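The chain contents come next:
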Amino acid sequence: MVPLRGNHLGGGATTSRLFAIRLPDNSILSLLIPSGAETLCHGSPFQGETSPETSQPQTNLIIASQLQPALTMRIPTGTVTFLFTDIEGSTKLWEEFPAEMGASLARHDALVREAIERHDGYVFKTVGDAFCAAFHTAPQALLAVVEAQLAIHAETWPSGLSLKVRMALNTGSAEVRDDDYFGPSLNRVARLLAIAHGGQAILSDVTHDLCRDVLPESVTLRALGEHRLKDLGRPESVYQVCHPDLVSEFSKLRSLETLPHNLPRQLTSFIGRESEVEKVKGLVSKGRLLTLTGSGGCGKTRLSLQVAAEVLDTYPDGAWLVELAPLSDPELVARAVAGVLGMKEQEGTSAIQGLKEFLKSRKLLIVLDNCEHLLDACAHLANEILKHCSDITIFASSREGLGIAGEVTYRVPSLSLPTGKLTETPESLGQYEAVRLFVDRALANSPTFQVTNQNAPAVASVCQRLDGIPLAIELAAARLRSMSVEEVNERLDQRFRLLTGGSRTALPRQQTLRSLIDWSYNLLTDVEKSLLCRLSVFAGGWTLEAAEQVCAAESLEEWEIIDHLTSLADKSLVVAEGRNGTTRFHLLETVRQYSRDRMIESGEAESIRDRHLAYFARVAAAMEPRMLSEMPEVFPLIERDLSNYRTALSWSLEGENGIDIGYALASDLGLFWRVRGYWREAMDWFQRFLDTVPLERAPETRCRVLLSAGWMAEMRMDFEAVEAYAQESLEIAQRFGYLLQEGRSLALLSPAARSRGQLGLVRELLEESLSVYRRIGHEHGMVTGLVNLGAFYESTGELEMARATLEEALSRLTEQGRVRGIAYTTGRLGSVARLQGDLDLAEAYLSRSIEAFGSIGGTVEVTEVHASIAHVKLDRGDFEAAGSHLRICCATMQELGVSQALFWCLMALGRAVFHRAPLVAAKIWGTAMLNPGSNLDRGDHAHSPEPDQIVARGREAFGDGFDAAFEEGRTQSTDQAIQSGLEALG
């Protein structure tokens with residue numbers, strides 16, 4: 001026996017010493033030996049502590065009866081509290097203090113180790129300056145943490161050098177092998193440590209519960225709230241250890257909540273893959289495009305998400321997951337990325353070009369998931385981004401590499417597997433990742449499941465025969481709801497022998513996975529098989545109602561869907577997710593592709609796709625009146641199924657049967673696309689239908705599509721296109737007697753007339769449009785006509801008429817509860833009140849408008865309101881408040897590419913900075929009023945004299961040099977004008 005370490009323990013009249021001795025089986029024996037004793041270890045004398053009563057050590061050989069109060073214990077096992085520590089910024093400290101760090105680190109190590117061992121802790125690993133220790137109880141671990149932090153805080157370090165140590169505690173079970181620990185509890189404490197700051201000690205919820213009633217003197221535990229750690233799993237309630245002599249105030253924890261990202265929370269634990277995570281993180285540091293390759297179901301997505309979470313804090317602008325599986329059109333790849341990043345399309349700029357401009361000043365990580373069916377588009381996009389954006393990193397997952405310069409590929413291996421020996425035991429199986437995953441998922445499906453000496457060989461066999469593919473293992477584990485693991489193993493044996501002729505290893509993993517799905521599919525009832533195939537028609541998920549409407553046919557009744565859908569979810573072939581009180585379902589992409597192939601083989605693919613198209617066309621048709629009534633909940637509902645709408649539209653254009661339905665669907669989605677900013681995509685769909693469907697086949701639908709296209713052209717200020725669309729729709733409406741469309745067409749013609757300064761024609765068109773609405777009694781149209789006329793009267797200075805007209809419109813809108821109309825109309829009334837000099841009323845109306853737009857997410861329209869309220873604040877001389885509204889206005893316009901309110905925002909921005917930087921203001925006004933390429937429009941204030949008055953006052957106040965700066969404004973872009981104004985605001 002060899003003594004490993006000793007600690008002095010005081011108590012009563014005697015002094016004792018604790019010895020830890022390694023036994024032949026590698027366990028640790030701890031002996032608490034009274035002072036004055038001496039023991040022999042392998043024949044060598046070991047000097048004991050001297051007794052307080054005598055200076056002479058006794059030399060008696062210690063026997064068991066003499067070890068009083070001797071204490072025997074082994075290294076912590078079972079439920080263990082783990083302590084992880086490290087020094088914050090140690091690499092930088094070594095660079096700044098190379099001479100002092102050696103001795104300082106040694107002193108740090110001694111203080112930490114002494115505190116751990118004084119409280120019966122076991123240091124099982126040190127890596128550099130990091131300690132990993134285990135304790136029998138949580139209170140012991142807490143005592144060690146407090147003592148270590150106090151010692152480090154009180155230590156006198158070399159001048160200029162300060163060691164700040166972060167510490168984390170978590171309690172749980174773990175497996176012990178070779179004096180080391182393994183298991184999820186260690187992963188969790190490591191991730192807790194990662195979110196802490198130097199000098200801070202934090203602990204998990206379970207450790208807190210074990211310590212809160214036995215806290216050391218002066219120690220308190222402060223709740224820091226729930227935090228998502230970098231394993232993407234359940235959030236952790238985190239607590240901080242506080243002591244009067246320690247620093248207690250720190251920045252926010254570095255958890256996922258404090259960093260920008262859209263990485264989804266994972267409902268199942270991340271098992272194994274420790275070495276793969278480290279390898280992938282290492283590859284990321286060597287290149288900016290990393291593609292994880294491998295067969296379907298091998299865990300590419302989960303691994304990429306885990307690595308993204310672990311490296312998130314190195315990307316100031318976040319990590320962003322782009323799910324490509326629901327897409328089928330290569331043209332939508334760049335748009336999908338732009339949508340996830342919150343970048344809106346800009347007129348005259350392709351999505352890829354817009355992304356390059358958007359990303360060139362950012363540092364972020366893009367995760368492109370499931371690229372294989374859009375390989376060329378993904379490769380082109382990645383190549384363009386990497387060439388032009390130096391701080392962008394891309395993770396891609398695909399069954400094959402993208403094949404572009406600079407790409408690093410990493411094939412995701414299977415989980416580590418048992419050897420297949422019949423002598424496998426529950427203990428020996430625990431070291432294999434595949435088994436740990438199988439057991440974890442098995443317990444989720446059958447809480448009483450356990451690995452025993454009897455079923456251990458079957459568990460090993462299942463994992464081995466499934467090649468350690470995570471999805472395959474999860475599907476097999478789901479079968480434990482109704483089968484034993486031995487029966488699962490037997491079925492797998494039979495199926496794989498049939499498919500491979502006895503040589504499973506000759507097949508690629510994709511075929512192995514297909515074999516598993518074949519097996520799982522063949523275990524279904526005929527009705528379940530039919531439903532699974534039909535469900536593959538959905539893209540991006542579906543609701544129960546959608547499944548009932550689309551999949552109920554022939555042998556499957558609508559009322560049966562819920563039971564069979566639940567059964568498929570239980571068998572892990574369908575994924576069910578609850579969100580906002582609604583359950584949505586989706587298929588894993590590998591299962592969806594398999595099921596789609598089966599549906600095609602069955603011969604019913606065309607009829608199911610027709611039903612899918614018809615269902616979503618009905619939903620959109622029912623949604624359109626609710627969109628017109630401005631019900632705010634409608635737009636998120638459509639957004640949620642956008643992939644299904646795209647799939648339905650694509651299918652409708654593939655043949656003659658559904659094109660009329662698709663045409664109507666495109667029309668019904670017009671307002672959604674307009675409000676949500678999908679302008680370019682909408683125009684693509686509109687043009688495809690307009691080019692394909694002749695006028696006589698669907699004249700009313702064509703009229704509606706032309707009107708939607710015209711409104712979107714107006715948003716882009718393409719008045720030539722607006723007039724062309726409006727004129728054609730007017731001709732069709734008058735030819736076929738569509739009075740509602742005639743009124744809308746007349747109103748749509750007015751922006752083009754306004755842009756040419758034809759105010760008389762604008763008045764005539766708007767009044768005639770309103771007259772048509774009144775004639776047919778169309779309430780929505782009448783209110784819209786009143787608002788349009790009120791805005792026109794405002795632009796011509798007929799302020800009393802404008803106010804009366806807009807107030808009538810507001811009264812009707814309030815009765816109807818149309819929030820968007822109320823928001824727009826109150827904004828117009830605020831502008832009118834300001835022009836009349838009633839600033840209090842103006843501010844009240846404009847504030848109401850901002851509040852209404854905020855309740856429905858009216859991001860585009862609200863920019864003009866912010867510009868108007870900024871002018872009110874400037875009229876009052878409140879430059880600070882005006883600057884706040886202008887910052888919001890400018891940021892929104894730059895993000896979304898909105899140009900409608902840009903003119904008035906620039907005029908206000910110039911006013912706001914004139915007293916600080918008059919030449920900057922003059923240039924901004926010059927950009928707004930003189931720049932021929934800016935495509936700026938005064939909107940409903942097209943002929944207002946105010947802009948000229950603003951410039952005249954500025955010229956008069958500044959004098960010489962103003963005109964030169966004003967002219968210089970021609971040479972700068974609107975973005976440059978905004979940037980210079982914001983810088984001047986400070």
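These numbers come from a predicted model, not from an experiment.

Undergrad: What should I look at first to understand the packing of aromatic side chains in this one?
TA: What describes a pair of aromatic rings is the distance from one ring centre to the other and the angle between the planes of the rings. Applying the stated criterion across every chain, the model contains 18 aromatic pairs. An angle of 25° between the planes, with centres 5.2 Å apart, marks the rings of Phe-538 and Trp-542 as stacked. Given a relative accessible area of 2%, Phe-538 falls into the buried group. Judged by its relative accessible area of 1%, Trp-542 is buried. Between Phe-914 and Trp-925, the aromatic rings sit 5.8 Å apart at their centres with planes inclined by 20°, giving stacked as the arrangement. Placement of the pair is Phe-914 in the loop between helix H37 (902-913) and helix H38 (918-930) and Trp-925 in helix H38, with a sequence separation of eleven residues.

Undergrad: Help me understand the confidence of the model for the protein chain, please; the structure alone is not making it clear to me.
TA: In low-pLDDT segments, the atomic positions of the prediction should not be examined closely. When pLDDT is averaged along the protein chain, the result is 83; 86% of the residues meet or exceed 70. When the elements of the protein chain are averaged for pLDDT, strand S5 (residues 44-46) gives the smallest value, 33, and strand S12 (residues 201-203) the largest, 96. This model gives residues 1-73 a pLDDT under 50, and the stretch forms 129 contacts once residues within four places in sequence are excluded. Note on residues 494-511: pLDDT is under 50 here. Beyond four places in sequence and across chains, it has 26 contacts.

Undergrad: How should I be thinking about the nonpolar core in this particular structure?
TA: General note: in soluble globular proteins, nonpolar side chains tend to be found buried as a group. Leu-535, Phe-538, Trp-542, Leu-665, Trp-673, Phe-686 and Phe-689 are the most contacted members of the largest nonpolar core, which totals 108 residues. For this core, the leading source of residues is helix H21 (residues 605-628), giving ten residues. One finds Val-322, Ala-351, Leu-359 and Ile-404 within the second-largest nonpolar core, a separate group that totals 37 residues.

Undergrad: Honestly, the pairing of strand S17 (residues 364-369) in this entry has me stumped. Any pointers?
TA: Note on strand geometry: in a regular strand, side chains alternate between the two faces of the sheet. Counting buried residues along S17, six of its six residues qualify, which places the element largely inside the surrounding structure. The two faces of S17 match: Leu-364, Ile-366 and Leu-368 on one face and Leu-365, Val-367 and Asp-369 on the other face are all buried. With five bridges joining them, strand S16 (residues 319-323) and S17 adopt parallel strand pairing. If you follow Glu-323 over to S17, its bridge partner there is Asp-369. As paired elements, S17 and strand S18 (residues 392-398) share five bridges and run parallel to each other. What sits directly across from Val-367, in S18, is Phe-395. In this fold, S17 hands off to helix H10 (residues 375-388), which returns the chain to S18; that crossover is right-handed.

Undergrad: Hey, could you run me through the pattern of salt bridges in this one?
TA: Oppositely charged side chains can form a pair if their charged atoms are brought close together. Applying the stated criterion across every chain, the model contains 43 salt bridges. Of the charged contacts in the structure, one is a salt bridge between Glu-604 and Arg-534, with a shortest N-O distance of 3.0 Å. Of this pair, Glu-604 sits in the loop between helix H20 (589-602) and H21 while Arg-534 sits in helix H17 (residues 526-535); the two residues are 70 residues apart in sequence, bridging distant segments of the chain. The two residues Glu-604 and Arg-534 agree in class, both being buried. Linked through salt bridges whose partners overlap, the residues forming this network are Arg-191, Glu-278, Lys-281 and Glu-310.

What counts and what doesn't
- Residues numbered from 1 in each chain as written.
- Predicted model: local features only at pLDDT ≥ 70, side-chain atom pairs only at ≥ 80, totals over all residues.
- Heavy atoms only, no water.
- Phe/Tyr/Trp six-rings, centres within 6.5 Å; stacked < 30°, edge-to-face > 60°.
- Buried < 20%, exposed > 50% of the residue type's maximum accessible area, 1.4 Å probe, protein only.
- Helix = DSSP H or I, 4+ residues; strand = E, 2+ residues; numbered from the N terminus.
- pLDDT = per-residue confidence, 0-100.
- Contact = heavy atoms within 4.5 Å.
- Core = buried A, V, L, I, M, F, W, Y, C linked by side-chain atoms within 4.5 Å.
- Pairing = 2+ DSSP bridges.
- Right-handed = clockwise from strand over helix to strand, strands pointing away.
- Salt bridge = Lys/Arg side-chain N within 4 Å of Asp/Glu carboxyl O.

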